[in-house]
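Architecture at a glance
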Amino acid sequence: MTEQPHSHALAYTEPEKIQSIDSEFLSGKRYPYQEDMSLVEDIDLLAATPGEDLNWLEDIHLLEEDGVPAVFDRYSNCFVKIHFPIPAGREDEMARKVLIAHLQSGNSYGIELKEIHCKFPQPELGPWVEGSQTVGTDWAPPVLEGWEKPFGH
(Lines give C-alpha, C1' and ligand atoms only; values in the text may rest on other atoms or scores of the structure.)
Protein backbone atom coordinates (compact mmCIF):
# COMPACT_ATOMS: atom_id res chain seq x y z
CA MET A 1 0.00 0.00 0.00
CA THR A 2 1.41 3.39 -0.93
CA GLU A 3 1.65 6.04 1.70
CA GLN A 4 -0.70 9.01 1.22
CA PRO A 5 0.96 12.43 1.40
CA HIS A 6 0.06 14.62 4.33
CA SER A 7 -2.80 16.94 3.41
CA HIS A 8 -0.56 20.00 3.59
CA ALA A 9 1.90 18.41 1.12
CA LEU A 10 -0.67 18.81 -1.67
CA ALA A 11 -0.45 22.57 -1.31
CA TYR A 12 3.14 22.45 -2.51
CA THR A 13 2.53 20.70 -5.83
CA GLU A 14 2.40 22.68 -9.05
CA PRO A 15 -1.01 23.22 -10.62
CA GLU A 16 -1.60 21.89 -14.12
CA LYS A 17 -0.14 24.24 -16.71
CA ILE A 18 -1.84 24.96 -20.02
CA GLN A 19 0.84 24.50 -22.65
CA SER A 20 -1.16 25.82 -25.60
CA ILE A 21 -4.20 27.97 -26.14
CA ASP A 22 -6.39 27.80 -29.20
CA SER A 23 -9.53 29.62 -30.22
CA GLU A 24 -11.64 26.58 -29.38
CA PHE A 25 -10.40 26.70 -25.80
CA LEU A 26 -11.03 30.45 -25.48
CA SER A 27 -14.49 30.44 -27.08
CA GLY A 28 -15.61 26.97 -26.03
CA LYS A 29 -16.60 26.09 -29.59
CA ARG A 30 -15.52 25.58 -33.20
CA TYR A 31 -16.65 27.79 -36.04
CA PRO A 32 -18.00 26.43 -39.35
CA TYR A 33 -15.11 27.91 -41.40
CA GLN A 34 -12.70 25.73 -39.38
CA GLU A 35 -14.41 22.59 -40.65
CA ASP A 36 -15.57 23.38 -44.20
CA MET A 37 -13.14 24.60 -46.84
CA SER A 38 -16.01 25.73 -49.09
CA LEU A 39 -16.78 28.49 -46.55
CA VAL A 40 -13.37 30.12 -47.09
CA GLU A 41 -12.66 29.16 -50.69
CA ASP A 42 -14.12 32.38 -52.15
CA ILE A 43 -12.32 34.80 -49.81
CA ASP A 44 -10.35 37.31 -51.87
CA LEU A 45 -7.14 37.80 -49.89
CA LEU A 46 -6.11 40.91 -51.81
CA ALA A 47 -9.51 42.55 -51.28
CA ALA A 48 -9.39 41.63 -47.57
CA THR A 49 -5.91 43.12 -47.11
CA PRO A 50 -6.01 46.40 -45.21
CA GLY A 51 -4.72 49.32 -47.27
CA GLU A 52 -1.83 48.65 -49.59
CA ASP A 53 0.10 46.53 -47.05
CA LEU A 54 0.39 43.10 -48.64
CA ASN A 55 3.46 42.24 -46.57
CA TRP A 56 1.42 41.07 -43.59
CA LEU A 57 0.09 38.18 -45.71
CA GLU A 58 3.64 36.89 -46.14
CA ASP A 59 3.84 36.41 -42.37
CA ILE A 60 0.79 34.13 -42.24
CA HIS A 61 1.67 30.45 -42.64
CA LEU A 62 0.04 27.14 -41.97
CA LEU A 63 1.35 25.90 -38.65
CA GLU A 64 0.43 23.03 -36.38
CA GLU A 65 -1.05 23.05 -32.88
CA ASP A 66 -1.59 19.84 -30.91
CA GLY A 67 -0.95 17.85 -34.11
CA VAL A 68 -3.68 19.73 -36.03
CA PRO A 69 -3.14 22.21 -38.88
CA ALA A 70 -3.63 25.74 -37.53
CA VAL A 71 -3.08 29.42 -38.18
CA PHE A 72 -1.93 31.87 -35.51
CA ASP A 73 -4.27 34.72 -34.55
CA ARG A 74 -1.92 37.32 -33.09
CA TYR A 75 -4.81 39.49 -31.94
CA SER A 76 -5.86 36.80 -29.48
CA ASN A 77 -2.44 35.19 -29.10
CA CYS A 78 -3.95 31.80 -29.93
CA PHE A 79 -4.24 29.28 -32.74
CA VAL A 80 -7.24 28.73 -34.98
CA LYS A 81 -7.22 25.02 -35.79
CA ILE A 82 -8.23 23.86 -39.25
CA HIS A 83 -10.25 20.65 -39.32
CA PHE A 84 -10.69 20.12 -43.07
CA PRO A 85 -8.28 18.46 -45.51
CA ILE A 86 -5.97 21.06 -47.05
CA PRO A 87 -4.95 20.48 -50.68
CA ALA A 88 -1.21 20.12 -51.25
CA GLY A 89 0.40 23.36 -52.34
CA ARG A 90 -2.39 25.51 -50.84
CA GLU A 91 -1.36 25.29 -47.19
CA ASP A 92 -0.52 28.97 -46.59
CA GLU A 93 -3.43 30.15 -48.77
CA MET A 94 -5.93 28.15 -46.69
CA ALA A 95 -4.35 29.33 -43.43
CA ARG A 96 -4.67 32.95 -44.60
CA LYS A 97 -8.29 32.47 -45.67
CA VAL A 98 -9.28 30.84 -42.39
CA LEU A 99 -7.60 33.66 -40.47
CA ILE A 100 -9.40 36.32 -42.54
CA ALA A 101 -12.73 34.53 -41.98
CA HIS A 102 -11.99 34.43 -38.25
CA LEU A 103 -11.10 38.13 -38.07
CA GLN A 104 -13.93 39.35 -40.30
CA SER A 105 -16.52 37.37 -38.34
CA GLY A 106 -15.51 39.00 -35.06
CA ASN A 107 -14.88 35.59 -33.51
CA SER A 108 -11.30 36.42 -32.56
CA TYR A 109 -11.15 36.57 -28.77
CA GLY A 110 -8.94 39.67 -29.00
CA ILE A 111 -11.63 41.41 -31.03
CA GLU A 112 -14.29 40.40 -28.49
CA LEU A 113 -12.26 42.12 -25.77
CA LYS A 114 -11.69 45.35 -27.71
CA GLU A 115 -14.94 47.07 -26.74
CA ILE A 116 -14.05 46.88 -23.04
CA HIS A 117 -10.27 47.21 -23.10
CA CYS A 118 -9.03 49.23 -26.07
CA LYS A 119 -7.65 52.60 -24.99
CA PHE A 120 -7.81 54.49 -28.29
CA PRO A 121 -10.37 54.69 -31.11
CA GLN A 122 -10.13 51.88 -33.64
CA PRO A 123 -12.42 49.76 -35.82
CA GLU A 124 -13.84 46.93 -33.71
CA LEU A 125 -13.34 44.34 -36.45
CA GLY A 126 -10.07 45.89 -37.56
CA PRO A 127 -9.23 47.09 -41.05
CA TRP A 128 -10.57 43.84 -42.60
CA VAL A 129 -14.20 44.96 -42.41
CA GLU A 130 -15.21 48.24 -44.02
CA GLY A 131 -17.68 50.22 -41.90
CA SER A 132 -16.89 48.37 -38.67
CA GLN A 133 -18.07 50.30 -35.61
CA THR A 134 -15.43 52.32 -33.73
CA VAL A 135 -14.57 51.26 -30.18
CA GLY A 136 -12.18 52.77 -27.65
CA THR A 137 -13.58 56.28 -27.74
CA ASP A 138 -14.52 56.37 -24.05
CA TRP A 139 -12.08 54.06 -22.26
CA ALA A 140 -11.64 54.52 -18.53
CA PRO A 141 -9.52 52.41 -16.20
CA PRO A 142 -11.52 49.70 -14.45
CA VAL A 143 -12.52 50.41 -10.87
CA LEU A 144 -12.92 47.70 -8.27
CA GLU A 145 -16.22 48.33 -6.54
CA GLY A 146 -15.78 49.15 -2.84
CA TRP A 147 -12.03 49.79 -3.16
CA GLU A 148 -10.58 53.20 -2.41
CA LYS A 149 -7.06 54.40 -3.06
CA PRO A 150 -5.12 54.52 0.24
CA PHE A 151 -4.81 58.01 1.74
CA GLY A 152 -1.70 59.87 0.60
CA HIS A 153 -1.17 57.88 -2.60
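To start, this report covers the structure provided alongside it. Since this is a predicted model, take the numbers as computed values, not measurements.

Here's the deal with the overall build of the protein chain
Scanning the protein chain for helices and strands turns up 6 helices and 5 strands. Shown N-terminal to C-terminal, the secondary structure of the protein chain runs as helices and strands in the order α-α-α-α-β-β-β-α-α-β-β. Buried positions account for 34% of the 153 residues belonging to the protein chain. When contacts within the protein chain are restricted to residue pairs at least 6 apart in sequence, long-range pairs at least 24 apart make up 51% of them.

Section: the sheet that holds strand E3 (residues 78-81)
For sheets, the rule is that strands pair by backbone hydrogen bonds, running either parallel or antiparallel. The 3 strands are arranged E1-E2-E3 in an open sheet whose pairing can be described as antiparallel. Strand pairing shows two members of the sheet lacking a second neighbour, strand E1 (63-65) and E3, which therefore form its edges. Direction aside, neighbouring strands of the sheet carry axes that sit 60 degrees apart on average. Pairing analysis gives 3 bridges linking E1 to strand E2 (residues 68-73), with the strands arranged antiparallel. The residue of E2 that forms the bridge with Leu63 is Ala70.

Concerning unusual backbone geometry
Of note in this structure, Asp66 is not a glycine but carries a positive phi near 55 degrees. Structurally, Asp66 can be placed in the loop between E1 and E2. Given the relative accessible area of 51%, Asp66 is considered exposed.

Re the side chain of His102
Within the fold, His102 resides in helix H5 (residues 91-105). Ignoring anything within four residues of it in the chain, the contact list for His102 reads Ser23, Tyr31, Tyr33, Asp73, Val80, Asn107 and Ser108.

Observations regarding the side chain of Lys81
Position of Lys81 among the secondary structure elements: in strand E3. A distance of 3.1 Å separates polar atoms of two side chains, one belonging to Lys81 and the other to Asp66. Discounting residues that sit within four places of it in the chain, Lys81 has contacts with Asp22, Glu24, Gln34, Glu65, Asp66, Val68, Pro69 and Ala70.

Describing H5
Its 15 residues give H5 an end-to-end C-alpha distance of 21 Å, which sits within 8% of 21 Å, the value for a rise of 1.5 Å per residue. Of all the residues in H5, the buried ones are Met94, Ala95, Arg96, Lys97, Val98, Leu99, Ile100, Ala101, His102 and Leu103. The positive-phi residue at the C-terminal boundary of H5 is Gly106, with phi of around 80 degrees.

Side note on the nonpolar core
In this structure, Val40, Trp56, Val71, Val98 and Ile100 are the most contacted members of the largest nonpolar core, which totals 23 residues. For this core, the element with the highest residue contribution is H5, accounting for 7 residues. Among all residues touching Val40, those that are not within four sequence positions of it are Tyr33, Phe84, Met94, Lys97, Val98 and Ala101.

Thoughts on helix H6 (residues 109-117)
Residues spaced three or four apart along an α-helix point in a common direction, a consequence of the helix completing one turn every 3.6 residues. Residues of H6 that are buried include every one of Gly110, Ile111 and Lys114, and no others. Seen along its axis, H6 keeps its buried residues to an arc of 95 degrees; they face one direction. When the buried face of H6 is taken as reference, the exposed residues oriented beyond 90 degrees from it are Glu115 and Ile116. Looking at the packing, one finds that the buried side of H6 touches H5, strand E4 (122-123) and strand E5 (134-135).

A closer look at the pairing of E2
Hairpin connection, E1 to E2: the antiparallel pair is bridged by 2 residues, and Asp66 has positive phi, about 55 degrees. With 4 bridges joining them, E2 and E3 adopt antiparallel strand pairing. Within E3, the position partnered with Val71 by the bridge is Val80. The hairpin turn running from E2 into E3, its antiparallel successor, is 4 residues long, and Asn77 in that turn takes a positive phi close to 60 degrees.

Rules used throughout
- Residues numbered from 1 in each chain as written.
- Predicted model: local features only at pLDDT ≥ 70, side-chain atom pairs only at ≥ 80, totals over all residues.
- Heavy atoms only, no water.
- Helix = DSSP H or I, 4+ residues; strand = E, 2+ residues; numbered from the N terminus.
- Buried < 20%, exposed > 50% of the residue type's maximum accessible area, 1.4 Å probe, protein only.
- Contact = heavy atoms within 4.5 Å.
- Pairing = 2+ DSSP bridges.
- Axes fitted to C-alpha atoms, helices over the stretch in contact; angles between N-to-C directions.
- Polar contact = N/O pair within 3.5 Å; in protein donor to acceptor, adjacent residues only side chain to side chain.
- Expected span 1.5 Å × (residues − 1).
- Core = buried A, V, L, I, M, F, W, Y, C linked by side-chain atoms within 4.5 Å.
- Arc of directions from axis to C-beta.

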